[in-house]
Amino acid sequence: MTTTDVPDSERVREAVRHYVERQPALERATEGFIVLVTSALDDAGINYLTVTGRTKSVESFAGKAARMVDGRLLYPDPLEQITDQIGLRVITYVRDDVDAVAQLLSGELTVLDDRDMGQETADQGRWGYSSRHLVVAVDASRTLTPEQEALRTFTASVQVRTVLQHAWAEFEHDIRYKGTVPEAHAPDLNRRFTLAAGLLELADKEFSAIRDRLQATMPEHPGDEPDESDPRLSAQDLAKFLAGAYPDAGWSRTEHYTWISGLLLELGIASLEELAQVLAGTDSEQITARMGYRYPPAAVRRLDDALLAVYGGDYITLHGNDHRVEQLRERLTKLD
C-alpha cells in the first residue's frame, strides 16, 4: 500500500503518535529558541515588551492535522507542514520596532517564510488582524553553544506585533473562538472589531510620533538631580543623555540602561561629564558602519560599541560582560 492509499484518519493518527514522541524534544527546543531570540534582541538593543513561546499541545496539533478542505486533508504531511509546533511571540511598543525585529531575525537566522498580515489586510482595503509572521531556522553557519546544537533540526514560527495589535488579536480571538456569538449580533460585532482595529492603527502611529518627537527634543543633559545614594548614572539620566548623543537611535529597554550604567561604573565613569569626555574622541557613524548592522542599533548598543572601541580588551574583561565575552571579541575584530 502506498502513502496515498493510507486512509486520512490513519495518517492523522500516525502523525499524532509521532508528535507525542517528539513533544519533549520540541519543548526543549522551544526554550532554546526563546533564549536565542531574546539574546539577539538584547544584544542588538532593540526595545521590546516581551518574548514568549509555547510548544503546540497534542490536542491542538491533532485538531490542525485533521483539518479538511474540499474533502481532503489540508496538511497531508502534518509533521512537516504544520510549522507552528514551536511558536514564539515578540511584543514591541511601536510599529517601527516590528520591522526592526523582523530585520534582525533575517540577519541572525534563516527565514523560511515571512508574511506581513497587516499589510495583506490593508491591501484588501480592510482593517483587522495585524501581525508579522515568520518561520525561522538556525543557519548552518551559525555558531551555537553545545546546548543549542539540537535547534538545528527544528523550525520555529515567530509572531511579531505591537502591544496594541496584540491586545486586539487576543480579544478578537477570545470572543470569536472561545465565546458564543449569536448570529444576529455577528454583523454588528464585525463592524465594531473593524472600527477598533482602525483606531488602534491610528494609536500605533501616534505612539511612534510621540517617541520620535521625544527623541528629537530630549536634552542631552537632564536637569534632574541624581540620586546621591547610588554611584551609578541613573537609567533616566543616561537615557536622556544618549538621546542627545545618538538622536537617530531608537530607545533601548529600561533595564539595559541600568545594566550599562553598571559597566560605566566599572570603568570609573560616574557622571555624564565623564562619559561625554570618553565619547568625545569617538566617531559613532564610523563605528556603526564597521559593525555592518542590518538593522538600526538602539542607543545602548551604540554606547556599547563606543566603549568597546575606546577600551578594547579591557572592556571585554569587565565583570558585567562575563556572559558575552565571545560576542564582544567578534565585534572587536570588526573595529580593528
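Counting from 1, residues in each chain are numbered in the order their sequence is written. Note on the predicted model: pLDDT of at least 70 is required for a residue's local features to be given, and 80 or more for side-chain atom pairs to be given and counted; whole-chain, interface and lining totals, by contrast, use all residues. To obtain the side-chain values, all non-hydrogen atoms of the structure were used and water was disregarded.

J.: Teacher, can you tell me more about the sheet that holds strand β1 (residues 50-55) here?
T.: Through backbone hydrogen bonds, the strands of a sheet pair up, either in parallel or in antiparallel fashion. Between any two strands, pairing holds if DSSP finds at least two bridges. Numbering of helices and strands starts at the N terminus; helices are DSSP runs of H or I of at least 4 residues and strands are runs of E of at least 2. Here we have five strands laid out as an open sheet, ordered β1-β4-β7-β6-β5, and mixed in their pairing. Each edge of the open sheet is held by one strand with a lone partner, namely β1 and β5 (110-116). Neighbour-to-neighbour, the strand axes of the sheet open up by a mean angle of 20 degrees, direction not taken into account. Here β1 runs beside strand β4 (residues 86-92); their pairing, made up of six bridges, is antiparallel. The residue of β4 that forms the bridge with threonine 55 is isoleucine 86. Most of the contacts of helix α1 (residues 8-44) go to β1, to which it runs at about 170 degrees, and overall it touches β1, β4 and β7 (155-162). Contacts are assigned to residue pairs with any non-hydrogen atoms lying within 4.5 Å of each other. Geometry is summarised by axes, namely lines fitted to C-alpha atoms with helices restricted to the contacting stretch, and by angles between N-to-C directions that run from 0 to 180 degrees. Strands β4, β5, β6 (132-137) and β7 of the sheet are contacted by helix α4 (residues 95-108), whose axis makes an angle of about 160 degrees with β7.

J.: Help me understand unusual backbone geometry, please; the structure alone is not making it clear to me.
T.: A negative phi angle is the norm for most residues apart from glycine, just as the trans form is the norm for most peptide bonds. The backbone phi angle of aspartate 70 is positive, close to 55 degrees, even though this residue is not glycine. With respect to the helices and strands, aspartate 70 occurs in the loop between β2 (68-69) and β3 (72-73).

J.: Sorry if this is basic, but what is going on with the packing of aromatic side chains here?
T.: By convention here, two paired aromatic rings are described through the distance between centres and the angle between planes. Within 6.5 Å between ring centres, the rings of Phe, Tyr and Trp (the latter by its six-membered ring) count as paired, and their orientation is classed by plane angle as stacked under 30 degrees, edge-to-face over 60, tilted in between. Taken as a whole and assessed by the stated rule, the structure comprises one aromatic pair. Measuring from centroid to centroid gives 4.1 Å for tyrosine 19 and phenylalanine 61, while their planes differ by 5 degrees, and the two rings are stacked. Residue tyrosine 19 is located in helix α1, and its partner phenylalanine 61 is located in helix α2 (residues 58-65); the two are separated by 42 residues in the primary sequence. Each member of the pair, tyrosine 19 together with phenylalanine 61, is buried. Burial status follows relative accessibility: with a 1.4 Å probe on protein chains alone, a residue under 20% of its type maximum counts as buried, one over 50% as exposed, and anything between as partly exposed.

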